[in-house]
Amino acid sequence: MKNTLSTKTVLLTFLIFLFAFISCKNNSESKLVYTENNTIKQNVKEKETEVTWTNEIEGERLTQRINRGSIEIGSEVPYNKEIYKLFKVSPVPVYPSYSDFGSLDTSNLKISTKEKLNSFCTTLSSVNNADAFFNKKYIFNYVFLMDDLGRGWEKHFNTKLPEGKKLFSKWLFGEPFYGADIIQIPVRFYADYGIIDMTVFLSASGNNEIYQIIINRWEKV
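Rules behind the numbers
- Residues numbered from 1 in each chain as written.
- Predicted model: local features only at pLDDT ≥ 70, side-chain atom pairs only at ≥ 80, totals over all residues.
- Heavy atoms only, no water.
- Phe/Tyr/Trp six-rings, centres within 6.5 Å; stacked < 30°, edge-to-face > 60°.
- Helix = DSSP H or I, 4+ residues; strand = E, 2+ residues; numbered from the N terminus.
- Buried < 20%, exposed > 50% of the residue type's maximum accessible area, 1.4 Å probe, protein only.
- Lys NZ or Arg CZ within 6 Å of the ring centre and 35° of its normal.
- Core = buried A, V, L, I, M, F, W, Y, C linked by side-chain atoms within 4.5 Å.
- Salt bridge = Lys/Arg side-chain N within 4 Å of Asp/Glu carboxyl O.
- Expected span 1.5 Å × (residues − 1).
- Arc of directions from axis to C-beta.
- Polar contact = N/O pair within 3.5 Å; in protein donor to acceptor, adjacent residues only side chain to side chain.
- Contact = heavy atoms within 4.5 Å.
- Pairing = 2+ DSSP bridges.

*Asks:* With reference to specific residues and values, describe the packing of aromatic side chains.
*Replies:* Scanning the model with the defined rule gives 13 aromatic pairs in all. Taking 4.5 Å as the distance between ring centres and 35 degrees as the angle between the ring planes, the aromatic pair formed by Phe 168 and Phe 189 counts as tilted. Of this pair, Phe 168 sits in the loop between helix 4 (140-157) and strand 3 (170-173) while Phe 189 sits in strand 5 (residues 182-190), placing them 21 residues apart in sequence. Neither Phe 168 nor Phe 189 differs from the other in exposure class; each is buried. An aromatic cluster of three or more residues is present, and its members are Trp 153, Phe 157, Phe 168, Trp 171, Phe 189, Tyr 193 and Trp 218. Sitting above the plane of the Tyr 190 ring, Lys 170 keeps its charged end 4.9 Å from the centroid. Directly above the aromatic system of Tyr 98 lies the positively charged group of Arg 188, at a separation of 5.4 Å from the ring centroid.

*Asks:* Give a description of the nonpolar core that names residues and reports values.
*Replies:* Counting residues in hydrophobic clusters, the biggest one holds 28 residues, and the most contacted among them are Phe 120 and Ile 196. Of all elements in the fold, only helix 3 (111-125), helix 4, strand 5, strand 6 (194-203) and strand 7 (210-220) reach the threshold of two or more residues within this core. Looking at this core element by element, the count peaks at five residues for helix 4. In terms of nonpolar packing, the next biggest core, distinct from the first, is built from five residues, Phe 101, Leu 104, Leu 172 and Tyr 190 among them.

*Asks:* I'd like a description of the environment of Lys 136, backed by residues and values.
*Replies:* Here Lys 136 shows up in the loop between helix 3 and helix 4. In sequence terms Lys 136 and Tyr 211 are 75 residues apart; their C-alpha atoms lie 8.9 Å from each other.

*Asks:* A description of the pattern of salt bridges should follow, citing residues and the corresponding values.
*Replies:* According to the stated counting rule, one finds seven salt bridges in the structure shown. When the shortest N-O distance is used, the salt bridge between Arg 217 and Asp 100 registers 2.9 Å. On the criterion of sequence distance, the pair formed by Arg 217 in strand 7 and Asp 100 in the loop between strand 1 (97-98) and strand 2 (102-103) is long-range, its members being 117 residues apart. For Asp 100, a relative accessible area of 39% gives the class partly exposed. One salt bridge connects Asp 147 with Arg 151, and the closest N-O pair in it is separated by 3.0 Å. Placement of the pair is Asp 147 and Arg 151 together in helix 4, with a separation of four residues, close to one helical turn. Assessed through its relative accessible area of 38%, Asp 147 is described here as partly exposed. Classification of Arg 151 by relative accessible area gives exposed; the value is 59%. Sharing partners across several salt bridges, the network here consists of Asp 100, Arg 188, Asp 197, Arg 217 and Glu 219.

*Asks:* Could you give an account of helix 4, naming the residues involved and the relevant values?
*Replies:* Here helix 4 spans 25 Å end to end across 18 residues, near enough to the 26 Å set by a 1.5 Å rise per residue. Among the residues of helix 4, those classed as buried are Asn 141, Tyr 142, Leu 145, Leu 149, Gly 152, Trp 153 and Phe 157. When helix 4 is viewed along its axis, its buried side chains cluster within an angular range of 110 degrees and face the same direction. Of the exposed residues in helix 4, the ones pointing more than 90 degrees away from its buried face are Val 143, Arg 151 and Lys 155.

*Asks:* Please provide a residue-by-residue account of the side chain of Ser 125, values included.
*Replies:* The residue Ser 125 is located in helix 3 in this model. A polar contact of 3.1 Å, which involves the side chain of Ser 125, links it to the backbone oxygen of Phe 168. When sequence neighbours within four positions are dropped, the list of residues in contact with Ser 125 reads Lys 165, Lys 166, Leu 167, Phe 168 and Trp 171.

*Asks:* Account for the pairing of strand 5, naming residues and giving values.
*Replies:* The buried fraction of strand 5 is high, at seven of nine residues. Pairing between strand 3 and strand 5: four bridges, direction antiparallel. Paired with Trp 171 across the bridge in strand 5 is Phe 189. Two elements, strand 4 (residues 177-178) and strand 5, share two bridges in a ladder whose sense is antiparallel. Paired with Tyr 178 across the two strands is Ile 183, which belongs to strand 5. In the sheet, strand 5 pairs with strand 6 via nine bridges, with the strands oriented antiparallel. Among the inter-strand pairings, Arg 188 is bridged to a residue of strand 6, identified as Asp 197. Hairpin connection, strand 5 to strand 6: the antiparallel pair is bridged by three residues.

As structure tokens, then:
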């Protein structure tokens, strides 16, 4: 009985000692962590006091609403009006173009030349005598034109050249080509049966008399 009691007493004493040892160890570790955290925090504060901070540049802009229209160049900024000059750039015009005809850019065609050519097309479409638009030395080219027009109309449109009505509903001019003495202008005529592309050769001077007209293409629609 005494041996059993002694054994229990020893065992209880050992357990108490073990519990006390573990508790002391945990407290030591906690204090160590706490001490380390305090050390890091203190180091950070010391570093902050050692850093030399620069002054704010234009600090007021951080609290103001910046409007692009209100920004001005300061007097301390070098200014050269030749460098900062604002140019008013006009948009470049874009002209339509047909792959089987070419560009419709007639911006370099004189108004007087365009009016003369338009008058010729109106007269030709009305099946009136348009030989007055030709240079007298090349009047025979007008005869050849009317013959080619009559033959081609019957061949490509399967009908004779109409009488008593306009041949064309409209026409348009292509980009002209200027030679030394001649202006070469493509013209597209629209008829009820299709399209006829021609090239008109005019004098580059004087009253723009016509030298020759060539039929380039027929297209039935």
